[in-house]
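Coordinate analysis (summary)
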Amino acid sequence: MNKKEKVMLGISGTALGIGLLTMIIYRKTIMAKIESAVWDIHSERRINTLHPKIRNRVRAFINEAERQGIKLRVTSGYRTWDEQTRLYNQGRTLPGSIVTNAEAGESWHNYALAFDVVEIKNGRALWNNANWSKIGKLGKSFRFSWGGDWRSFVDKPHFQDDFGYSMAALRQKYLSNQMTNGYIDLA
Ligand SMILES: [Zn+2]
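Here the structure is a predicted model, which means the values were calculated and not measured. (Residues numbered from 1 in each chain as written. Predicted model: local features only at pLDDT ≥ 70, side-chain atom pairs only at ≥ 80, totals over all residues.)

**Describing the domain arrangement of the protein chain**
For the record, the criterion: Note: domain ranges come from an automatic or database domain assignment.
Splitting the protein chain by domain gives domain 1 (1-35) and domain 2 (40-180). Summarising the inter-unit geometry, the C-alpha centres of domain 1 and domain 2 are found 43 Å apart.

Take a look at the structure:
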């Protein structure tokens, strides 16, 4: 290799280095954007109650929906077993109307792996929304399963990732304290 070739190799090596660095920075910027806090502080507070393994994916979903013109609010995230009991008792032993058939430990929310959303438009929550199927499809593209696909009880606001566990298996983990910082250990 003569001197000129060495110089050329040096230049192309530097160019490759700069190219790679640019790619890394670009990727980091994109990831930071995807994982950055969502538009709505109420949603952000609820996202922070969810299992750490799904938080950023929930943010990515909400941020992408916003980019597509749909402002989603997370209306429910992790629900403690006590909160679930209170909710279950509503309309039964407590005043109000029945809102759930799930007792403590019977809701995916009790394992911090489920969340509910609703579109907010002009300050109002659109529970009856022509956009539901679009929202469901978008959520599924972030590897969440959608309550809108359920047969027995269609639950359009609801998304979850069970990480392949049955509820019985999650319950067993909870009861045998296979938890870290209050969250179920997922393999
Ligand atoms: Zn739900």
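**Concerning the nonpolar core**
Rules: For our purposes the nonpolar core covers buried Ala, Val, Leu, Ile, Met, Phe, Trp, Tyr and Cys residues that link as a set through C-beta atoms within 7 Å. Three classes are used. A residue is buried when 20 or more other C-beta atoms lie within 10 Å of its own, exposed when 12 or fewer do, and partly exposed in between, with C-beta atoms placed from the backbone. Helix numbers and strand numbers start at the N terminus; a helix is a DSSP run of H or I with at least 4 residues, a strand a run of E with at least 2.
With 26 residues, the main nonpolar core has Leu 50, Val 58 and Phe 115 as its most contacted residues. When contributions to this core are tallied by element, the ones reaching two or more residues are α3 (52-67), β1 (72-76), β2 (114-121) and α5 (132-141). At 5 residues, the largest contribution of residues to this core is made by α3.

**Structural notes on the environment of Ser 43**
Positionally, Ser 43 belongs in helix α2 (residues 41-47). Once the C-alpha coordinates of Ser 43 and Pro 95 are considered, the two residues, 52 residues apart in sequence, prove to be 28 Å apart.

**Re unusual backbone geometry**
Backbone phi values are negative for most residues with the exception of glycine, while trans is the configuration of most peptide bonds. Phi at Asn 122 is positive, roughly 50°, even though this residue is not glycine. A tally of 5 C-beta atoms within 10 Å means that Asn 122 is categorised as exposed. For Asn 181, which is not glycine, the phi dihedral falls at a positive 55°. For Asn 181, a count of 5 C-beta atoms within 10 Å puts it in the exposed group.

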